[in-house]
Structure formats: C-alpha cells, structure tokens
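# Coordinate analysis (summary)
Read off the chains here:
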Amino acid sequence: MTTTIKKFQVTFDCAEPERLARFWCEVLGYVVPPPPEGFATWEAHRDALPPEERDTAFACLDPSGVGPRLLFMKVPEGKVVKNRVHLDVRVGTGLVGEERLAALEAECARLEALGAVRGTLLRADGVNESCQNMQDIEGNEFCLD
C-alpha cells in the first residue's frame, strides 16, 4: 500500500504569536496570509474579537505553496527545555568548507539583526557539514545548515 504525501503545518507554542510569526516570515521569506474576509487588516480583525480571543494565534505561509504553513499559538507557560523538534534553515546546501562557513556567517549576522541569538558553530567532521545553532526571538532552537 502506498501512502500519499500529505501537506502539514508546523505549530509553535509561544508567548507572542504575531511577533514570532513575523520573525519567521523574515527568516524564511514567508508571508502573512490575507486577513479574514470582511476585514481590511489583521488589526481590524483582532479589534473585532472579544479581548480573551485576541492575540492567541498567528500564521505565516510559504508564498510558493511548497513549504509548510507555520502556526504560532499563545500558551501561558514559557519555554523550559530544549526543543524536541527544530527547523533547519537550509542556507548552505551544496556548499563546503570556507564557502559554506561564509554563507552560514552571513545568514547568522542577518538573523541576529532580527533578534535571533547565535549558538554554537558545529564544524564539519568528515561525516556532517558545518552548521550554526541559533535561537529565535523566544528562545526556540533552530539550525542554519
């Protein structure tokens, strides 16, 4: 029996859904979807909601439709331990050695300007190529590879 490939979304628990979604839009080149029908802006939509339903979730999309939708859901608790799942942002695909390190460094500097935090640089070891550990603006780990 063959299983068909299914679309999926990646959901992040977070403190500030819209802020984190907009950060990841910048990281990945994603876009914020249009506001619901009947609303000119997301702000107008938010203002129409009861206070307890405001700022509880926000999403972003791959404009090409290929990548998964990212959904950010507000939760009351903060991040406590290392992520069990993380995103690898593929900026060095096909590059090796100094060329790969330069690509990782350039992207790392760009993301630090957006509020990301640089972690450990893992250098090529003969099996794996170099990658740069990072944290997003809420402390979620991800890698530049």
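I will try to describe carefully the structure that is included in this document. (Residues numbered from 1 in each chain as written. Predicted model: local features only at pLDDT ≥ 70, side-chain atom pairs only at ≥ 80, totals over all residues. Heavy atoms only, no water.)

### Re the overall build of the protein
Secondary structure assignment for the protein yields 3 helices and 7 strands. Counting from the amino terminus, helix and strand elements in the protein follow one another as β-α-α-β-β-β-α-β-β-β. For the C-alpha atoms alone, the extent of the protein along its principal axes is close to 55 × 40 × 30 Å. Counting every position in the protein, which comprises 145 residues, the buried fraction comes to 32%. Sequence-distant contacts in the protein: of pairs separated by 6 or more residues, those separated by 24 or more amount to 59%. Summed over all atoms, the accessible surface of the protein reaches about 9,300 Å², with 56% contributed by carbon and sulfur. The distance from the centre of the 16 positive side-chain charges to the centre of the 24 negative ones in the protein is 3 Å. (Helix = DSSP H or I, 4+ residues; strand = E, 2+ residues; numbered from the N terminus. Buried < 20%, exposed > 50% of the residue type's maximum accessible area, 1.4 Å probe, protein only. Contact = heavy atoms within 4.5 Å. Areas by Shrake-Rupley, 256 points an atom, 1.4 Å probe, with all protein chains shown as cover. Lys, Arg positive; Asp, Glu negative; His and termini not counted. Charge placed at Lys NZ, Arg CZ, Asp CG, Glu CD.)

### Considering the nonpolar core
The biggest cluster of nonpolar side chains holds 23 residues, and the ones touching the most others in it are Trp24, Leu70, Phe72, Phe142 and Leu144. Residue assignment for this core shows that the elements contributing at least two residues are strand S1 (9–14), helix H1 (17–28), strand S2 (57–60), strand S3 (69–74), helix H3 (97–113) and strand S7 (141–144). Take this core: its biggest share by element is 6 residues, from H1. Residues contacting phenylalanine 142, with those up to four places away along its chain left out, are Trp24, His86, Leu87, Val89, Leu111, Ala116, Gln132, Asn133, Met134, Gln135 and Asp136. (Core = buried A, V, L, I, M, F, W, Y, C linked by side-chain atoms within 4.5 Å.)

### With respect to the sheet that holds S1
With respect to topology, 3 strands assemble into an open sheet ordered S1-S3-S2, the strand pairing being mixed. On the outer flanks of this sheet lie S1 and S2, each paired with one strand and no other. The mean inter-strand angle of the sheet, taken between neighbouring strand axes irrespective of direction, is 20 degrees. Pairing analysis gives 4 bridges linking S2 to S3, with the strands arranged antiparallel. Looking across to S3, one finds that alanine 57 is bridged to methionine 73. (Pairing = 2+ DSSP bridges. Axes fitted to C-alpha atoms, helices over the stretch in contact; angles between N-to-C directions.)

### Quick look at the environment of leucine 144
As for its placement among the helices and strands, leucine 144 is situated in strand S7. Given a relative accessible area of 0%, leucine 144 falls into the buried group. Spatially, the C-alpha atoms of leucine 144 and arginine 19 are 21 Å apart, while their sequence positions differ by 125 residues. With sequence-adjacent residues up to four places away left out, leucine 144 is seen in contact with Val89, Val91, Leu104, Glu107, Cys108, Leu111, Cys131, Gln132 and Met134.

### Some details on the packing of H1 against H3
Where H1 meets H3, the closest approach of the two axes is 11 Å, and the angle between their N-to-C directions is 155 degrees. For the element pair H1 / H3, the angle class is roughly antiparallel. Judged by the twist between their axes, the crossing of H1 over H3 is right-handed. Residues Phe23, Glu26 and Val27 of H1 touch H3, and the partners they reach there are Glu107, Arg110 and Leu111. Class assignment of the residues belonging to the contact of H1 with H3 gives a composition of 3 nonpolar, no polar and 3 charged. (Parallel < 35°, antiparallel > 145°, perpendicular 65-115°, else oblique. Left-handed = near helix turned anticlockwise from the far one by under 90°. Nonpolar A, V, L, I, M, F, W, Y, C, P; charged D, E, K, R; others polar.)

### A word on the packing of aromatic side chains
Enumeration according to the criterion identifies 5 aromatic pairs in this entry. Residues phenylalanine 12 and phenylalanine 72 carry aromatic rings whose centres are separated by 4.8 Å and whose planes lie at 20 degrees to one another, so their mutual orientation is stacked. Of this pair, phenylalanine 12 sits in strand S1 while phenylalanine 72 sits in strand S3, placing them 60 residues apart in sequence. The pair formed by phenylalanine 12 and phenylalanine 72 is uniform in burial state, with each residue classed as buried. Relative to phenylalanine 142, the ring of tryptophan 24 has its centre 4.9 Å away and its plane inclined at 70 degrees; by these criteria the two rings are edge-to-face. With tryptophan 24 in helix H1 and phenylalanine 142 in strand S7, this pair connects stretches of sequence that are 118 residues apart. Pair check on accessibility: tryptophan 24 and phenylalanine 142 agree, each one buried. Chaining the aromatic ring pairs together yields one cluster made of Phe12, Phe23, Trp24, Phe72 and Phe142. (Phe/Tyr/Trp six-rings, centres within 6.5 Å; stacked < 30°, edge-to-face > 60°.)

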